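# Geometric and topological summary
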Amino acid sequence: MIPVVCDIGSKESLQNAVSIIEKQTPFINVLVANSGFLGEVFGMVPRSEDQTVAELAKELWDKQSFEDASKVVSTNIAGSYFTFLAFLALLGAGNTHSESVGKNGLLQSQFI
């Protein structure tokens, strides 16, 4: 296992992560994109038992902007997509490299 920290919102950072891995191995069998952007968290406090669902919905609706929510979705979805693309060649090599268990059909490369 080779853990690498990078900014999934930056193609340059992703390419740097790929370079780090390529210096250590010619292929990978598993890539775990364990990242995400939560943004500002609202409403994570104890609530009164008397608060209605409608009141909660209004409170959260009023506090979070569409732009903030869009940044969370954009970072998490596009970031995972570009992480996959950045490492695609190494994942593909995991299925074909002579030293990989993927070459023998025992394990196909996985993106999690």
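As a reminder, the structure under discussion sits directly above these lines.
These figures come from a predicted structure and were not determined experimentally. (Residues numbered from 1 in each chain as written. Predicted model: local features only at pLDDT ≥ 70, side-chain atom pairs only at ≥ 80, totals over all residues. Heavy atoms only, no water.)

### Observations regarding the overall build of the protein chain
For clarity, the threshold we go by: Helix and strand definitions here come from DSSP, where helices need a minimum of 4 consecutive H or I residues and strands a minimum of 2 consecutive E residues; each element is numbered from the N-terminal end. The quantity called the radius of gyration is restricted to C-alpha atoms. Its globule counterpart is 2.2 Å times the number of residues to the power 0.38. Burial classification: accessible surface area is computed with a 1.4 Å probe over protein chains only, and a residue below 20% of its type maximum counts as buried, one above 50% as exposed, and the rest as partly exposed. A contact between two residues is defined here by any heavy atoms of the two lying within 4.5 Å. Using a 1.4 Å probe, accessible areas were evaluated by the Shrake-Rupley method; residue-level cover was limited to the displayed protein chains.
Within the protein chain one finds 3 helices and 2 strands. Secondary structure elements in the protein chain, listed N-terminal to C-terminal, are α-β-α-α-β. Relative to its length of 112 residues, the protein chain is extended, with a C-alpha radius of gyration of 20 Å against a globular reference of 13 Å. Projected onto its principal axes, the C-alpha coordinates of the protein chain cover approximately 65 × 30 × 20 Å. Looking at the protein chain as a whole, 21% of its 112 residues qualify as buried. Restricting the contact set of the protein chain to residue pairs at least 6 apart, pairs at least 24 apart contribute 62%. Just so you have it, the protein chain exposes about 8,200 Å², and 59% of that area is on carbon and sulfur atoms.

### Quick word on the environment of G92
For G92, the position within the fold is in helix α3 (residues 66–96). The exposure class of G92 is partly exposed, given its relative accessible area of 31%. Taking the C-alpha atoms as reference, G92 lies 7.6 Å from F27; in sequence the two are 65 residues apart.

### Digging into the nonpolar core
Condition: Residues enter a nonpolar core if they are buried and are Ala, Val, Leu, Ile, Met, Phe, Trp, Tyr or Cys, with the set joined through side-chain atoms within 4.5 Å.
In this structure, A17, V18, I21, I28, L31, F87, L90 and L91 together form the largest nonpolar core, which totals 8 residues. Mapped onto this core, the elements with two or more residues apiece are α1 (11–22) and α3. Leaving out residues up to four positions away in the same chain, I21 has contacts with I2, V4, I28, F87 and L90.

### Regarding the packing of aromatic side chains
For clarity, the threshold we go by: Within 6.5 Å between ring centres, the rings of Phe, Tyr and Trp (the latter by its six-membered ring) count as paired, and their orientation is classed by plane angle as stacked under 30 degrees, edge-to-face over 60, tilted in between.
Counted by the stated rule, this structure contains 2 aromatic pairs. Look at Y81 and F82: their rings are 5.2 Å apart centre to centre, the planes differ by 75 degrees, and that puts the pair in the edge-to-face class. Judged by its relative accessible area of 48%, Y81 is partly exposed.

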